Amino acid sequence: MRSLRTLWYNLCALSLSACASIRNSYVGTPLDAQGQLVDSTRNASGLVISGEELTAYASEHFGLLEVTLENRSSAWVRIERLTLDFGDSVRGGVSLPEEPDVSAWYRATLQRNEVRDTNQAAALGALMLLGAAVAVAGHATDEPVANAAGRLAMAGGATALVAKGVDATIERAKRGDVYPETHLLAVPFGVPPGLFSKRWVLINTLGGNTPCVRGMILDYDVEGRGRERVLLRFRRRGDRSEWQRGKCDTRSGRRQAAP
């Protein structure tokens, strides 16, 4: 446990999220079988899902989201299938880039942010590794978590090592994986009991007619427990971002959120 805590502190130095809290700014709301909102933040599996847009990495057509899955139960939660729904008004107006487009976006944004702020560029690399570091036991249950985490701890020590690790992840994706390991849609993955997994998803809005995207529905299957759905609104009026700046006019009440 101490090694995991040390790893988290190290990565926080480069992380995109506030180190004071594991949870992201906006917490999702579960949906029942009829699609109605449930008066709870915790799903039947024990997961609490939160997320937010990482505005430092936004551009006109791209929004980067960080999503945290907290396991509040005493058992492993293993996600077998996961899809995203942005609502009827947005469907067809968004794309979730796969490789090699993720690689191209990553490198372009890294270069742009190096010009703006070197620390932001380093933090983007840290996010790509963070989910794998925290949830590493989900892929190697026969190995002590402390040992596995210790090998990854160096990622928080130097920007060059972080960048090298991200490049390796992208190379694995090029060899056949659709998404890098810590991508939200890179299933299956496990969330250890009492711990969490931080993941990310890149959203590409297509053309100028896509309505403001402020939320999405996560629809997923949990091994041995069945299907769960969560409505996650990841930005509100008043949030500032380069992504869809013309569409998400936070000063106007006339813009409609989706879904």
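Within every chain, residues take consecutive numbers counted from 1 along the sequence as written. Per-residue local features are limited, in this predicted model, to residues with pLDDT of at least 70; the limit for side-chain atom pairs, both in listing and counting, is 80 or more; totals at the level of whole chains, interfaces and linings are taken over all residues. Derived side-chain values reflect all non-hydrogen atoms in the structure, with water molecules and hydrogen atoms excluded from consideration.

1. Here's the deal with the overall build of the protein chain
And then number 1: Strands are runs of DSSP state E lasting at least 2 residues, helices are runs of H or I lasting at least 4, and numbering of each runs from the N terminus. In terms of helices and strands, the protein chain carries five helices and ten strands.
And then number 2: It only takes one pair of heavy atoms within 4.5 Å for two residues to be counted as in contact. For the protein chain, the share of sequence-separated contacts (at least 6 apart) that also reach a separation of at least 24 residues comes to 71%.
And then number 3: Only the protein chains shown count as cover for residues, and all accessible areas are computed by the Shrake-Rupley method using a 1.4 Å probe. For the protein chain, the exposed area adds up to about 12,200 Å²; of that, 48% sits on carbon and sulfur atoms.

2. So, the environment of Gly63
And then number 1: Within the element layout of this structure, Gly63 appears in strand S4 (residues 62-71).
And then number 2: Counting along the chain gives 139 residues from Gly63 to Leu202, while the straight-line C-alpha distance between them is 5.9 Å.
And then number 3: Apart from the residues lying within four places of it in its own chain, the contact partners of Gly63 are Val201, Leu202, Ile203 and Trp243.

3. As for the pattern of salt bridges
And then number 1: Each reported salt bridge corresponds to a side-chain nitrogen of Lys or Arg within 4 Å of a carboxyl oxygen of Asp or Glu. Applying the stated criterion across every chain, the model contains seven salt bridges.
And then number 2: Linking Arg23 and Glu70 is a salt bridge whose minimum nitrogen-to-oxygen distance equals 2.6 Å. Placement of Arg23 in the loop between helix H1 (2-12) and strand S1 (26-27) and of Glu70 in strand S4 is noted, with a sequence separation of 47 residues between them.
And then number 3: Glu70 sits in the buried class, given a relative accessible area of 11%.
And then number 4: The closest approach of N and O atoms between Asp219 and Arg227, which form a salt bridge, is 2.5 Å.
And then number 5: Remark: exposure states derive from per-residue accessible area (1.4 Å probe, protein chains only) relative to the maximum for the residue type, with buried under 20%, exposed over 50%, and partly exposed in between. Residue Arg227 is classed as exposed on the basis of its relative accessible area of 54%.
And then number 6: Bridged by salt links that share partners, the residues Arg81, Asp219, Asp221 and Arg227 form one connected network.

4. What to know about the packing of aromatic side chains
And then number 1: Each aromatic pair joins two rings of Phe, Tyr and Trp (for Trp, the six-membered one) with centres within 6.5 Å, and gets the label stacked for planes under 30 degrees apart, edge-to-face for over 60, and tilted for any other angle. Tallied over the entire structure, the rule returns one aromatic pair.
And then number 2: For the ring pair Phe234 and Trp243, a centre distance of 6.4 Å and an interplane angle of 15 degrees mean the geometry is stacked.
And then number 3: In this analysis the charged atom, NZ for Lys or CZ for Arg, is taken to sit over a ring once it is within 6 Å of the ring centre and within 35 degrees of the ring normal. In this structure, Arg199 is placed above the aromatic ring of Phe189, and the distance from its NZ or CZ to the ring centre is 3.9 Å.

5. A look at the state of the cysteines
And then number 1: Two cysteine sulfurs form what is called a disulfide whenever their separation falls within 2.5 Å. According to the stated counting rule, one finds one disulfide in the structure shown.
And then number 2: Shown here is the disulfide that connects Cys212 with Cys248, its sulfur atoms set 2.0 Å apart. Between Cys212 and Cys248, the S-S dihedral sits near 105 degrees, and the bridge is therefore right-handed. With Cys212 in the loop between strand S8 (196-205) and strand S9 (215-222) and Cys248 in the segment after strand S10 (226-233), the pair connects residues that are 36 residues apart, well separated along the chain. Both residues of the pair, Cys212 and Cys248, count as buried.

6. Thoughts on helix H2 (residues 101-116)
And then number 1: In this scheme, a helix's expected span is set at 1.5 Å multiplied by one less than its residue total. Between its terminal C-alpha atoms H2 stretches 22 Å, which fits the 22 Å expected from 16 residues at 1.5 Å a residue.
And then number 2: Within the span of H2, buried status applies to Val102, Ser103, Trp105, Tyr106, Thr109, Leu110 and Asn113. For H2, the angular spread of the buried residues around the axis is 160 degrees, confining them to a single face. Facing away from the buried side of H2 by more than 90 degrees, the exposed set consists of Gln111 and Val115. Working note: the arc is built from the helix axis to C-beta atom directions.

7. Notes on the environment of Thr210
And then number 1: Relative to the helices and strands, Thr210 resides in the loop between S8 and S9.
And then number 2: Spatially, the C-alpha atoms of Thr210 and Gly92 are 8.5 Å apart, while their sequence positions differ by 118 residues.
And then number 3: When residues no more than four places from it in sequence are discounted, the contact partners of Thr210 are Val90, Gly93, Val94, Thr205, Gln244 and Lys247.
And then number 4: Polar contact is the term for a pair of N or O atoms within 3.5 Å; when the atoms are in protein, one must be able to donate a hydrogen and the other to accept it, and sequence-neighboring residues count only if both atoms are side-chain atoms. A distance of 2.9 Å separates a polar atom in the side chain of Thr210 from the backbone oxygen of Leu206.

8. A look at the confidence of the model for the protein chain
And then number 1: Per-residue confidence for the protein chain gives a mean pLDDT of 75, with 66% of residues at or over 70.
And then number 2: Along the chain, pLDDT gives the predictor's confidence residue by residue, from 0 to 100. Between the elements of the protein chain, mean pLDDT differs from a low of 34, seen in helix H4 (residues 145-152), to a high of 97, seen in strand S7 (residues 189-191).
And then number 3: For the stretch residues 252-258, pLDDT sits under 50, and the model shows 19 contacts to residues farther than four places along the chain or on other chains.

9. Some details on the sheet that holds S7
The pairing of strands in a sheet comes from backbone hydrogen bonds and takes either a parallel or an antiparallel form.
And then number 1: Taken in spatial order, the five strands line up as S2-S10-S9-S5-S7 in an open sheet, and their pairing is antiparallel. In this open sheet, the two strands that pair with only one neighbour each are strand S2 (29-31) and S7. Pairwise comparison of adjacent strand axes, ignoring direction, gives a mean angle of 40 degrees for this sheet.
And then number 2: A pair of strands is labelled paired if DSSP reports no fewer than 2 bridges between them. Pairing analysis gives eight bridges linking S9 to S10, with the strands arranged antiparallel. By the bridge assignment for S10, Leu218 is matched with Val230. Helix axes use the C-alpha atoms of the stretch in contact, all axes being lines fitted to C-alpha atoms, and the angles between their N-to-C directions lie in the range 0 to 180 degrees.

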